[in-house]
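Each chain is listed here by its residues.
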Amino acid sequence: MNTSRRVYLLVKELGLSQLIPYALYKGQLRSGKFESLHAGPRPTLADPLQALRKAFLLDPHLTLGNHEQKMVISLADEIVSGNFPAFSGESARIDLSPHETTLKHWTKYSDTVNGSDIKTLWEPARFGWVFPLCQAYLVEHEDKYPATFWTNFEKFFQENPENMGAHWVSAQEAALRLIPWILAVQVFADNSETTQPRLDNLLTAIWQHTYRISITLNYSRSQNNNHFLSEALGLMIGGAVFTETPTGRHWFRSGAAYFQAGIDQQIDNEGTYSQHSANYHRLMIHLALLFKLLANRDNISLSSRTNKKLSMATRWLTSQLDPVSGRLPNLGHNDGSNLLPIGGEDYLDYRSTVQAASRAFLGGPCLPAGPWDELSSWLGLIHEDEKLLACSQLTSPAVHSIENGNCRAFLRSAQFHSRPAHADLLSVDLWQDGINLLMDAGTYAYNLPEPWQNRLSGSMVHNTITVNGQDQMVRDSKFLWIDRARSLPLPSDTNTIGAILYCNLSCAYTQIRTIGFPKSGEFQVLDRIEFARLEKKPLQVTIQYLVPDWDWTLDKNSLSLSNKGKQVQLILIGRDPHDQSIVPGMISLVRAGETLRGKEKNLIRGWFSPTYLVKVPALSIAATFETTKSLEILTRLIF
């Protein structure tokens, strides 16, 4: 692609509203301006604890049963021992050091530190492990829980001085730290570990963090995503603490205005979030729930437009919830974020978020009572005589799904109004009895060496079709797609739903996909590929599906899976749409990057990533057909 066309596509994709603030930020960065900026001395407050109370966000008290309380205490005791579930996944040490002996100004860092992904450094410093400590303290009231928080906070405060080291690179990370810090003070205020010198240090850290957020808003504006919302909320939190000062009041007011503007810009009228990610959609909802608490406390009314956007965003989330497992399709970027880890069975359980959002933005709970009510309780959202909304009726026009008994399938069709996350149009997810039979691979990593530079965002690892191995869009960088494809939903009925994809790259084609349940115990996907021009040389059309890592047998074009008595058969059939004659295909089966059948070698196929830096084996089956004309592919899933 030549330079002029690339520039044109970048302007078209990002728009001047994002490019201008990004250019301003880069100019400030190159000029060295940020290196001269410091928060300055913290204002003296008449009553530090009372000042912190103005930013208390939650109403922490436990309504969990004995089983859930034991789980919380077990996790909290693990944290006391120095370990926490990194990215809500595998256990890691709580290491809050900057990982360097000589610190540089934050402007001197990139996305790796000493060859490691910078997110591994940031993760423990989000202080998300404070939530289990607070929950356990409410159960047992033991000193070890506040002592663990304060000891780690002091280490972070002492070893990461203002603006120095990688922990200061991201203003969003600074904003997210404020939330568990405020919660810790709220829960541990009556404990002897909460001393005046510690409160003074915390206030200094909050002052410095809020100032850090305020100076790089041009960057978060240019991203137009959860960074901007996180930082707007961070300004409100810091502003609430220092509301006695003109600076604090300015932070609070500007943060409130920025947040509503961000919601209005980032959620479309159908409820789709701009980042096209289930995980980041949840993060946006968590931020909105906390924003609403702070806004209500200061008598700030949400605009009707903001309320409508959050209502539709809640419907988007609810429409994709599997009520048996609490999971959603693993759509788009997933970096392990879980800002409010309260009340869910595990990280992948969205029920607590759906329940709280339903109460906050739709007027009532959409799930019957359960452990997932805990977040609603902490947010003060549970009221007497509330009416249960029917979760199945909370639909979204942006979510295309079809049900049959205990099975539900989702067809990915989206109108991109901002940067796409993954090249995943017309990908399909299938769930049966809480089991994800056709899976979205997820993310795994952003900043590792190739092939793991966000490569699970490509088309070939999604449950869709690729032509000649090309993605549906052009990857300009690890987070940016240009020359985007388009998709539109097709008219549907009770038996089938469908969508059409237009890809206008070097191998230009149209894909028409319909999915449905033709009869009990069978799910079908029918694809038709039409090329935009007459091809002289055969093109390779590949269809790929990611399925669970079960026992398997492969017989020609039929993959049989079994696990604990459950049997599933997946059959791939290529045919000429004009006379229905069979078109032979080359089958490949890959598990965890290892080719089990066929000739293709591909390290990123056959993985499922439930959270960041975690990948587990799955089975990737693909069929490749060579053709110079239109092609039809029928997928049958029999269970």
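Here's what I pulled together on the structure shown here. (Residues numbered from 1 in each chain as written. Predicted model: local features only at pLDDT ≥ 70, side-chain atom pairs only at ≥ 80, totals over all residues. Heavy atoms only, no water.)

Section: the overall build of the protein
Inference 1: From N to C terminus, the protein includes 16 helices and 26 strands.
Inference 2: Against the globule reference of 26 Å for 639 residues, the protein gives a C-alpha radius of gyration of 25 Å, in line with a compact fold.
Inference 3: With the principal axes as the frame, the protein shows a C-alpha extent of 85 × 60 × 45 Å.
Inference 4: Relative to its 639 residues, the protein shows a buried fraction of 60%.
Inference 5: In the protein, the proportion of contacts linking residues at least 24 apart, taken out of those at least 6 apart, comes to 71%.
Inference 6: Carbon together with sulfur atoms contributes 51% to the accessible area of the protein, which is approximately 25,000 Å² in total. (Helix = DSSP H or I, 4+ residues; strand = E, 2+ residues; numbered from the N terminus. Rg over C-alpha atoms; globule rule 2.2 N^0.38 Å. Buried < 20%, exposed > 50% of the residue type's maximum accessible area, 1.4 Å probe, protein only. Contact = heavy atoms within 4.5 Å. Areas by Shrake-Rupley, 256 points an atom, 1.4 Å probe, with all protein chains shown as cover.)

Some details on the sheet that holds strand β21 (residues 586-591)
Inference 1: Reading across the sheet, the five strands line up as β9-β16-β25-β21-β22 and stay open at both edges, with antiparallel pairing between neighbours. At either end of the open sheet lies a strand with only one pairing partner, and these are β9 (465-467) and β22 (594-597). In this sheet, adjacent strand axes meet at a mean angle of 30° when their direction is disregarded.
Inference 2: Pairing of strand β16 (residues 539-547) with strand β25 (residues 619-627), which is carried by nine bridges, proceeds in the antiparallel orientation. Note on β25: the bridge partner recorded for V541 is F625. (Pairing = 2+ DSSP bridges. Axes fitted to C-alpha atoms, helices over the stretch in contact; angles between N-to-C directions.)

Concerning the pattern of salt bridges
Inference 1: Applying the stated rule across the entire model yields 29 salt bridges.
Inference 2: Between R42 and D200 there is a salt bridge, and its shortest N-O distance comes to 4.0 Å. Taken as a pair, R42 in the loop between α2 (16-31) and α3 (48-53) and D200 in helix α9 (residues 196-215) lie far apart in primary sequence, 158 residues in all.
Inference 3: With relative accessibility at 24%, the residue R42 sits in the partly exposed group.
Inference 4: Looking at D200, the relative accessible area reads 27%, which means it is partly exposed.
Inference 5: A salt bridge links R513 to D527, with the shortest nitrogen-to-oxygen separation between them at 2.6 Å. Of this pair, R513 sits in strand β14 (residues 509-519) while D527 sits in strand β15 (residues 522-531), and the two are 14 residues apart along the sequence. Each member of the pair, R513 as well as D527, carries the same accessibility label: buried. (Salt bridge = Lys/Arg side-chain N within 4 Å of Asp/Glu carboxyl O.)

Quick look at the pairing of strand β6 (residues 407-411)
Inference 1: Most of β6 is tucked away: five of the five residues are buried.
Inference 2: Neither face of β6 is open: one carries C407, A409 and L411, the other R408 and F410, and all of them are buried.
Inference 3: When strand β5 (residues 400-404) meets β6, the two strands line up antiparallel, connected through five bridges. Bridged to I402 within β6 is A409.
Inference 4: Between β5 and the antiparallel strand that follows it, β6, lie two residues; G405 among them carries a positive phi value of about 60°.

As for the nonpolar core
Inference 1: Of all hydrophobic cores here, the largest spans 142 residues; its most connected members are L52, L58, F149, W181 and L290.
Inference 2: In this structure F149 touches F127, W129, V130, L133, W181, A184 and F188, once residues within four positions along its chain are discounted.
Inference 3: Ranked by size, the runner-up nonpolar core spans 53 residues in total, among them A499, F517, I529 and V583. (Core = buried A, V, L, I, M, F, W, Y, C linked by side-chain atoms within 4.5 Å.)

Some words on the packing of helix α6 (residues 130-140) against helix α7 (residues 144-159)
Inference 1: Interhelical geometry of α6 versus α7 gives an angle of 155° and a closest axis separation of 8 Å. Of the possible angle classes, the one that applies to α6 and α7 is roughly antiparallel. At the point where α6 passes α7, the crossing takes the left-handed sense. Taken together, the residues of α7 that come into contact with α6 (itself represented by V130, L133, A136, Y137 and E140) are Y145, P146, T148 and F149. (Parallel < 35°, antiparallel > 145°, perpendicular 65-115°, else oblique. Left-handed = near helix turned anticlockwise from the far one by under 90°.)

Considering empty space enclosed by the protein
Inference 1: Considering all chains together, one arrives at two cavities of 30 Å³ or more under this definition.
Inference 2: Taken as a whole, the largest cavity encloses approximately 180 Å³ of empty space.
Inference 3: Lining the largest cavity are 16 residues, and of these Q320, L331, F410, L411 and R412 sit closest to its centre.
Inference 4: Broken down by secondary-structure element, the contributors of at least two residues to the lining of the largest cavity are β6 and β7 (428-432).
Inference 5: Residue composition of the lining of the largest cavity, by class: eight nonpolar, four polar and four charged.
Inference 6: Every residue along the wall of the second largest cavity is listed here: F87, K119, W122, E123, R126 and E173.
Inference 7: The class makeup of the residues in the lining of the second largest cavity is two nonpolar, no polar and four charged. (1 Å grid on protein atoms, 1.4 Å probe; cavity = no way out; pocket = protein on both sides within 12 Å on 5 of 7 lines; lining within 4 Å. Points joined across faces, edges and corners; volume = space filled by probe spheres on them. Nonpolar A, V, L, I, M, F, W, Y, C, P; charged D, E, K, R; others polar.)

Details of a nonpolar patch on the surface
Inference 1: Nonpolar side chains collect at one region of the surface, where V7, V11, L16, I20 and L24 lie side by side and expose about 440 Å² of accessible area between them.
Inference 2: A total of three residues in the nonpolar patch trace back to one element, the largest contributor, which is α2.
Inference 3: Within the secondary structure, V7 sits in helix α1 (residues 3-14).
Inference 4: Given the relative accessible area of 42%, V7 is considered partly exposed. (Patch = residues over 30% accessible without salt bridge, like charges linked within 9 Å, V, L, I, M, F, W, Y side chains within 5 Å.)

Let's talk about the packing of aromatic side chains
Inference 1: Per the stated rule, a full pass over the model turns up 25 aromatic pairs.
Inference 2: When the ring of Y25 is compared with that of Y219, the centres are 5.0 Å apart and the planes differ by 55°; the resulting orientation is tilted. One end of the pair, Y25, is in helix α2; the other, Y219, is in helix α10 (residues 217-223), and 194 residues separate them in sequence.
Inference 3: According to the relative accessible area criterion, Y25 is buried, its value standing at 11%. (Phe/Tyr/Trp six-rings, centres within 6.5 Å; stacked < 30°, edge-to-face > 60°.)

Quick word on unusual backbone geometry
Working note: non-glycine residues mostly have negative phi, and peptide bonds are mostly trans.
Inference 1: With omega at 15°, the peptide bond leading from E450 into P451 counts as cis.
Inference 2: One can find P451 in the loop between β8 (435-438) and β9.
Inference 3: Phi is positive for S88, close to 60°, though the residue is something other than glycine.
Inference 4: With respect to the helices and strands, the residue S88 is situated in the loop between β1 (83-85) and β2 (91-93).
Inference 5: Note on S88: relative accessible area 32%, which makes it partly exposed.
Inference 6: Backbone geometry at A592 places phi at a positive 50°, although glycine is not the residue there.
Inference 7: Mapped onto the fold, A592 is located in the loop between β21 and β22.

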